[in-house]
Amino acid sequence: MNNVQKQKRANKSLPFFFKDEFKVSFIIIFISTILLITTFSFDIVPPILNRGIQPATFPKGLLVLIISLTLIVYYLSLKKTLEK
């Protein structure tokens, strides 16, 4: 009896943009992209004060790293759910 009831139900598979993995990844990438765009308005430090990495370059590199790691984690979460 339970098998018959289960077969009558529609497949409740949601599109990819309603799943939690996509929501969290989208929010992180969206905020990081907005912050990355705002970093292009930073002033460049004079060469005499520049020791190593530019202070305006560090946030850009960090935000690109956050975006890329978020994309990798999202890809791995999709791969794991596809294996099920």
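Residues numbered from 1 in each chain as written. Predicted model: local features only at pLDDT ≥ 70, side-chain atom pairs only at ≥ 80, totals over all residues. Heavy atoms only, no water.

1. Digging into the overall build of the chain
Here is step 1 of the chain: A tally of helices and strands in the chain yields three helices and zero strands.
Here is step 2 of the chain: When the helices and strands of the chain are listed from N to C terminus, the series reads α-α-α.
Here is step 3 of the chain: Out of the 84 residues in the chain, the part that is buried amounts to 14%.
Here is step 4 of the chain: Considering only intrachain contacts with a sequence separation of at least 6, the fraction spanning at least 24 residues in the chain is 66%. (Helix = DSSP H or I, 4+ residues; strand = E, 2+ residues; numbered from the N terminus. Buried < 20%, exposed > 50% of the residue type's maximum accessible area, 1.4 Å probe, protein only. Contact = heavy atoms within 4.5 Å.)

2. Focus: the confidence of the model for the chain
Here is step 1 of the chain: For the chain, mean pLDDT is 79; residues scoring 70 or higher make up 74% of the total.
Here is step 2 of the chain: The secondary-structure element of the chain with the lowest mean pLDDT is helix 1 (residues 2-8), recorded at 55, while helix 2 (residues 20-38) shows the highest, at 92. (pLDDT = per-residue confidence, 0-100.)

3. Remarks on the side chain of S32
Here is step 1 of the chain: With respect to the helices and strands, the residue S32 is situated in helix 2.
Here is step 2 of the chain: Given a relative accessible area of 6%, S32 falls into the buried group.
Here is step 3 of the chain: From its side chain, S32 meets the backbone oxygen of I28 in a polar contact 2.8 Å long.
Here is step 4 of the chain: Discounting residues that sit within four places of it in the chain, S32 has contacts with L63, I66 and I67. (Polar contact = N/O pair within 3.5 Å; in protein donor to acceptor, adjacent residues only side chain to side chain.)

4. Some thoughts on the environment of I29
Here is step 1 of the chain: Turning to its location among the elements, I29 is positioned in helix 2.
Here is step 2 of the chain: Leaving out residues up to four positions away in the same chain, I29 has contacts with I67, T70 and L71.

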